[in-house]
Amino acid sequence: SFKLTVVVRGSRRAQLEETVRSARALGLLGDRVALHLQLSAEAEASALSWVLHDLDWPHGPVTYAKPLLEELVPAAAIADSWYPSSEHSFALLLEEGATLS
């Protein structure tokens, strides 16, 4: 068995919602898939509110992180937001605004 985590990085509510909506529609065939949102330091207050109160992710647990200071290299923030828990752990790293089909 494997563990998949979808990691989405962003700061704007509309784009985060669209990316999560797109990922939610993936054909996961009942598999449990964790969602981790890596908000940027300048994330809109409405984005954080949406994550805390309105986000719907029926596939598994949801976690989020929001740094106090913006990172110098955005790619490093994405890589730092997830670490494999075993050799059967995988992550799908997405930037806000990405649409999956």
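Residues numbered from 1 in each chain as written. Predicted model: local features only at pLDDT ≥ 70, side-chain atom pairs only at ≥ 80, totals over all residues. Heavy atoms only, no water.

### A few points about helix α1 (residues 13-24)
Three or four residues apart is the spacing at which side chains of an α-helix point the same way, because the helix has 3.6 residues per turn.
Next up, step 1: Spanning twelve residues, α1 covers 16 Å between terminal C-alpha atoms, matching the ideal 16 Å at 1.5 Å per step.
Next up, step 2: Restricting attention to buried positions, one finds in α1 the residues Leu16, Thr19, Val20, Ser22 and Ala23. The buried residues of α1 occupy an angular sector of 160° when projected down its axis, which confines them to one face. (Helix = DSSP H or I, 4+ residues; strand = E, 2+ residues; numbered from the N terminus. Expected span 1.5 Å × (residues − 1). Buried < 20%, exposed > 50% of the residue type's maximum accessible area, 1.4 Å probe, protein only. Arc of directions from axis to C-beta.)

### Examining the pairing of strand β3 (residues 62-65)
Next up, step 1: Examined bridge by bridge, strand β2 (residues 33-39) and β3 share four bridges and lie parallel to one another. Its bridge partner being in β3, Gln38 is matched across the sheet by Ala65.
Next up, step 2: In this fold, β2 hands off to helix α2 (residues 45-54), which returns the chain to β3; that crossover is right-handed. (Pairing = 2+ DSSP bridges. Right-handed = clockwise from strand over helix to strand, strands pointing away.)

### Points about α2
Next up, step 1: Looking only at α2, the buried set comprises Ala47, Trp50 and Val51. Buried residues of α2, viewed axially, fall in a sector of 95°; they line one side. Among the exposed residues of α2, those oriented more than 90 degrees off its buried face are Ala45 and His53.
Next up, step 2: Each element contacted by the buried residues of α2 is listed here: α1, β2 and β3. (Contact = heavy atoms within 4.5 Å.)

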